[in-house]
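Notes for the structure review
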Amino acid sequence: MVRNEKMSSAELERQRGFMNKVREINEEFYNKKGRRKKMHITTFGCQMNAHDSEKLHGMLIKMGYEPAEDEKDADFVIYNTCCVRENAENKVYGNLGYLKHQKKRNPYLKIALCGCMMQQETVLQTIKEKYRHVDIVFGTFNIYKLAELIYINHETNAPVFDIWKEHGEIVEDLPSVRHFKYKASVNIMFGCNNFCSYCIVPYVRGRERSRCSEDILDEIKALAKDGVKEVMLLGQNVNSYGKGLDENITFAQLLRKVNEIEGIERIRFMTSHPKDLSDELIYAIRDCKKVCNHIHLPVQAGNNEILMNMNRKYTKEQYLALVDKIRAEIPDIAVTTDIIVGFPGEDDACVDDTIDVINKARFNGAFTFIYSKRTGTPAASMEQVSEQDAKRNFNRVLDALNPVILQLNKEKVGKVYKVLAEDVSSDAEFITGRLEDNSLVHFRGDESMLGEMLDIKITDCKTFYLIGERI
Ligand code: 5AD
Ligand code: SF4
């Protein structure tokens, strides 16, 4: 059993020491040059990475860097990478090529790479051979060491590679700068034990380990004091929360405790694996007023043979029965999903099964992906579908999905919903917010509304968002 030890306070103190040292170096730079060093973080991939980037941001601020609006103005650039699909990896290599020129323009520029891509041996090899202008490389298990790595690189003026094969202790209390003022993500667990046959995550994020509930609850209480109204509890498979902890706790019990925290108005979570979504969890979502009526429940595919080859451990029928059970208990719940198209062996009849699931489950939203072959995963050695067929299948799936989503959106027109105003739209006269069921809505407004829970009447809709007005 994995014991989820916490990082010793002595090690954390040591890291704080490195943050101070880098701060002094940056202060010296400021005294000489009359300007502060700027930093820029680019995040690829999922919400886990986005949340890790908030921690990187927090640490860099503590080290005396200022945020740069644009990467080209930065003296310290980090790519927090993703390797779930190949195109995210290609983007990183493309950007690195461009940064080589940037380094000629700015001799102070330092380039750091971290995240899931860096956990792969082949990637490290490529970087060492072809991208020698990279200064610092670290992985998913040791982001807390950023200051130490910056310091070593400064002292030695040589590239620093620090990749761990396995996770160490869970690190609490890293400084963090939140992207949003009113909503925040909170890790409840790390890693994944499911080994879906297409997925690289278990290899790069390690085995499942949960944070103890007291640390999670303390973090959320502090966020609430700081004005956060909505929390997103993050884990690759939140349904396994609590396994391996000394305390006896399930995810449903954790939700009930978070629901008690004063100041928090909305609780979301991601992601649930259909294979182990318990009745206890359904009842907790139903009973807890603050837990949003939304569940992200990746189906991945509709054909039973494909599901078996994906190692998903449920059938189409079991998935649909689960959605029915959830909807029977929580009638207004929105169900969203992930779908992979073009998995090895997928033919027209398999796509028919996926379309059948779409029509029966009536998803409120879906992330659809074309299968990407990941070296080292079992699916990489299965017989692959041609790119052309995968694209055709992809279009068929989108053509089935979009009308279902649009129809569900249309059913909201004319009704009034509570909306948390989250952001100013690119068109500055509009505010973007979310309904409890996670639907996106744009409405006329101004910055003063941000963070407010408003009554919004839905007046119109598109496939991917609603349009509303404040009443
Ligand atoms: N190719 C395409 N999509 C993938 N996902 C995971 N691995 C792959 C892959 N190799 C998708 C799954 C998962 C989401 C986060 O990414 O749908 O739920
Ligand atoms: Fe990947 Fe499956 Fe784990 Fe999700 S549950 S991270 S798809 S292995």
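Each value, and the rule that gives it
- Residues numbered from 1 in each chain as written.
- Chains lettered and ligands numbered in written order.
- Predicted model: local features only at pLDDT ≥ 70, side-chain atom pairs only at ≥ 80, totals over all residues.
- Heavy atoms only, no water.
- Helix = DSSP H or I, 4+ residues; strand = E, 2+ residues; numbered from the N terminus.
- Rg over C-alpha atoms; globule rule 2.2 N^0.38 Å.
- Buried < 20%, exposed > 50% of the residue type's maximum accessible area, 1.4 Å probe, protein only.
- Contact = heavy atoms within 4.5 Å.
- Areas by Shrake-Rupley, 256 points an atom, 1.4 Å probe, with all protein chains shown as cover.
- Lys, Arg positive; Asp, Glu negative; His and termini not counted.
- Charge placed at Lys NZ, Arg CZ, Asp CG, Glu CD.
- Polar contact = N/O pair within 3.5 Å; in protein donor to acceptor, adjacent residues only side chain to side chain.
- Salt bridge = Lys/Arg side-chain N within 4 Å of Asp/Glu carboxyl O.
- Domains from an automatic or database assignment.
- Buried area = accessible area lost by both parts, 1.4 Å probe.
- Near = heavy atom within 4 Å.
- Nonpolar A, V, L, I, M, F, W, Y, C, P; charged D, E, K, R; others polar.
- Pairing = 2+ DSSP bridges.
- Axes fitted to C-alpha atoms, helices over the stretch in contact; angles between N-to-C directions.
- Expected span 1.5 Å × (residues − 1).
- Arc of directions from axis to C-beta.

What follows is about the overall build of the protein chain. When you go through the protein chain residue by residue, the secondary structure sums to 13 helices and 19 strands. What you see for the protein chain is a C-alpha radius of gyration of 23 Å, in line with the 23 Å of a compact globule of 471 residues. Counting all 471 residues of the protein chain, 54% fall into the buried class. The contacts of the protein chain with a sequence gap of at least 6 include a subset with a gap of at least 24, amounting to 74%. Carbon together with sulfur atoms contributes 49% to the accessible area of the protein chain, which is approximately 21,600 Å² in total. Taken together, the 67 basic and 71 acidic charged side chains of the protein chain have centroids lying 3 Å from each other.

You can see H294 is positioned in strand β12 (residues 294-296). Looking at H294, the relative accessible area reads 13%, which means it is buried. Not counting chain neighbours up to four residues away, the residues in contact with H294 comprise R268, I333, A334, T336, E436, D437 and N438. At 2.8 Å, the side chain of H294 and the side chain of T336 are in polar contact.

So, on to the pattern of salt bridges. The final tally for this structure, using the stated rule, is 33 salt bridges. With its nearest N and O atoms 2.6 Å apart, the salt bridge here joins K145 to D162. Of this pair, K145 sits in the loop between β5 (136-138) and α5 (146-156) while D162 sits in strand β6 (residues 160-162), and the two are 17 residues apart along the sequence. What you see here is one network of salt bridges that share partners, running through R256, R286, D287 and E329.

What follows is about the domain arrangement of the protein chain. For the protein chain, the assigned domains read domain 1 (5-162), domain 2 (183-410) and domain 3 (416-470). Relative to domain 3, the C-alpha centre of domain 2 lies at a distance of 25 Å. At the interface, 16 residues of domain 2 touch 18 residues of domain 3. Of all residues in domain 2, K229, R266 and N409 give up the largest surface area on contact with domain 3, accounting jointly for 38% of the area buried on that side.

Now for the site of ligand 2. The local shell around ligand 2 consists of C192, N194, F195, C196, Y198, C199, V201, P202, Q236, H273 and R312. Class assignment for the residues of the shell around ligand 2 results in seven nonpolar, three polar and one charged.

Further remarks concern the sheet that holds strand β7 (residues 183-187). Pairing between sheet strands relies on hydrogen bonds along the backbone, with the strands arranged either parallel or antiparallel. Taken together, the three strands give an open sheet; going across it, the order is β7-β10-β11, and neighbouring strands pair in parallel fashion. Lying at the two open borders of the sheet, with one neighbouring strand each, are β7 and β11 (266-270). Going across the sheet, the axis of each strand differs from the next one's by a mean of 25°, ignoring polarity. Pairing analysis gives five bridges linking strand β10 (residues 230-234) to β11, with the strands arranged parallel. The residue bridging E230 from the neighbouring strand is R266, located in β11. Sheet strands in contact with helix α7 (residues 213-225) are β7 and β10, and its direction is about 170° off that of β7.

Okay, the environment of K418 next. Turning to its location among the elements, K418 is positioned in strand β15 (residues 416-424). Judged by its relative accessible area of 46%, K418 is partly exposed. Once the C-alpha coordinates of K418 and H133 are considered, the two residues, 285 residues apart in sequence, prove to be 50 Å apart. The residues touching K418, leaving out its near neighbours within four places in the chain, are R266, R434, L435, E436, M453, L454 and D455. A polar side-chain atom of K418 sits 2.8 Å from a polar atom in the side chain of D455.

Before going further, it helps to spend a moment on the site of ligand 1. As a matter of local geometry, ligand 1 sits amid V84, R85, Y198, Q300, D338, I340, F369, I370, Y371, S372 and R374. Contacts to ligand 1 include R85, whose side-chain N or O atom sits 3.0 Å from an oxygen atom. Contact with the protein chains hides 85% of the accessible area of ligand 1, taken as 410 Å² for the molecule alone. Among the secondary structure elements, those contributing two or more residues to the shell around ligand 1 are β13 (334-341) and β14 (365-370). For the shell around ligand 1, the per-class residue count stands at six nonpolar, two polar and three charged.

Our next topic: the sheet that holds β14. With respect to topology, three strands assemble into an open sheet ordered β12-β13-β14, the strand pairing being parallel. On the outer flanks of this sheet lie β12 and β14, each paired with one strand and no other. Between one strand and the next, the sheet's axes are offset by a mean angle of 10°, whatever the strand orientation. Of the pairings in the sheet, the one linking β12 to β13 comprises three bridges and is parallel in character. Within the sheet, the bridge partner assigned to H294 lies in β13 and is A334. Against the sheet, helix α13 (residues 387-410) contacts β13 and β14, and its axis sits at roughly 175° relative to β14.

Turning to helix α2 (residues 47-62), a few remarks are in order. Helix length check: α2, at 16 residues, gives a terminal C-alpha distance of 23 Å against a target of 22 Å (1.5 Å per residue), a fit within 8%. Here α2 has its buried residues at M48, N49, H51, D52, S53, E54, K55, L56, G58, M59 and L60. A positive backbone phi angle near 95° is found at G64, which sits one or two residues after α2.

Along helix α8 (residues 251-258), the residues that are buried comprise F251, A252, L254, L255 and V258. Down the axis, α8 shows its buried residues gathered within 160° of arc, on one side only. Contacts made by the buried residues of α8 are with α7, β10, β11 and α9 (279-287).

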